[in-house]
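Observations on the model geometry
Below are the chains, spelled out letter by letter.
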Amino acid sequence: MSVKDNFTADEWFKVMSGPGRAGAAVVAASPSGVTGLIAEMQAIAESVRENVSKQGRTPLMEAMAADLMGKAPRPEDLPQQDKVKNMDEAKAQSVEGVRQAIWVVSSKASPEDTQAYRDMLMQVVEKTAQAAKEGGFLGMGGEQINDKERAVMAELQELIRGTSSASVTPAISAPSPDGSGNSN
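The residue numbers shown here count from 1 along each chain, following its written sequence. Since the coordinates come from a predicted model, pLDDT governs what is reported: local features require at least 70, and pairs of side-chain atoms require 80 or more to be given and counted, while whole-chain, interface and lining totals use all residues. Side-chain metrics in this entry use all non-hydrogen atoms of the structure; hydrogen atoms and water are not considered.

1. Observations concerning the confidence of the model for the protein
Going by this rule: Each residue gets a pLDDT score, which is the predictor's confidence in that residue and runs from 0 to 100. Residues count as neighbours in contact if any of their non-hydrogen atoms are within 4.5 Å of one another.
In the predicted model, the protein carries a mean pLDDT of 82, and 78% of its residues have values of at least 70. Taken as a whole, residues 165-184 scores under 50 in pLDDT and shows 20 contacts with residues more than four places along the chain or in a different chain.

Laid out in structure tokens, this is it:
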């Protein structure tokens with residue numbers, strides 16, 4: 001039995017999309033233009049790849065690696081996402097996605113898996129923020145991490161490390177004992 005079997009399909013989607021959402025929150029806080037966006041997306045992918053392929057990985061990281069190496073899900077099988085109207089909404093939606101992923105992992109995985117997942121999320125946040133300069137022109141000037149990115153990084157760090165009051169109250173309801181998510 002795989003660790004993945006502990007999760008519903010919707011919960012597993014949240015787990016698998018959590019790292020991308022963590023990076024997307026940083027990207028949405030301060031968009032960096034096309035070349036910056038490409039560098040930031042590469043940083044997200046590289047961070048995930050490093051974590052799921054390193055020696056001594058946890059069973060959760062093993063299950064994530066297996067899914068990443070497998071056949072991609074069909075788009076129609078994925079949960080529908082709300083459309084965003086601006087970058088602030090994109091950032092808020094991404095942070096909420098991270099919150100939900102952390103809650104699901106914390107409630108269904110071992111402490112070791114939960115810690116490995118949280119560590120991966122933090123690495124994604126840090127590498128994404130450092131991937132491109134912000135506020136420059138044609139690669140000149142700017143700063144590596146600007147105030148907007150620092151603010152979302154602090155918010156995500158509190159959430160990921162469990163030091164924020166918002167992380168105590170789950171953003172999604174706890175699954176019922178039968179795992180259906182229904183309260184009946």
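2. Points about the packing of aromatic side chains
The following threshold applies: Each aromatic pair joins two rings of Phe, Tyr and Trp (for Trp, the six-membered one) with centres within 6.5 Å, and gets the label stacked for planes under 30 degrees apart, edge-to-face for over 60, and tilted for any other angle.
Within this structure, the stated rule accounts for 1 aromatic pair. Ring geometry for F7 against W12: centres 5.5 Å apart, planes inclined by 50 degrees, an arrangement best described as tilted.

3. Brief notes about helix α4 (residues 87-108)
Going by this rule: In DSSP terms, a helix is any run of H or I states spanning at least four residues, a strand is any run of E spanning at least two, and both are numbered starting from the N terminus. For a helix, the expected span equals 1.5 Å multiplied by the residue count minus one. When accessible area is computed with a 1.4 Å probe and restricted to protein chains, residues below 20% of their type maximum are described as buried, those above 50% as exposed, and intermediate ones as partly exposed. Nitrogen and oxygen atoms within 3.5 Å of one another constitute a polar contact, given that in protein one can donate a hydrogen and the other can accept it, and given that sequence-neighbouring residues count only through two side-chain atoms.
Its 22 residues place the ends of α4 31 Å apart at the C-alpha level, agreeing with the 32 Å of an ideal helix rising 1.5 Å per residue. Along α4, the residues that are buried comprise A90, S94, V95, G97, V98, R99, Q100, A101, I102, W103, V104 and V105. For α4, the elements touching its buried residues are α1 (9-29), α3 (59-69), α5 (111-130) and α6 (147-161). Structurally, the start of α4 carries an N-cap: the backbone nitrogen of D88 is 3.1 Å from a side-chain oxygen of N86.

4. Focus: the nonpolar core
Condition: The nonpolar core is taken to be a set of buried Ala, Val, Leu, Ile, Met, Phe, Trp, Tyr and Cys residues, with the residues joined through side-chain atoms within 4.5 Å.
Core analysis: the biggest nonpolar cluster contains 38 residues, and V15, L60, M64, Y117 and L156 have the highest contact counts within it. Residue assignment for this core shows that the elements contributing at least two residues are α1, α2 (33-53), α3, α4, α5 and α6. When residues of this core are assigned to their parent elements, the largest contribution, 8 residues, is made by α5. Sequence-distant contacts of L156, that is, excluding residues within four places in its chain, are made with A22, A25, V26, V95, V98 and V125.

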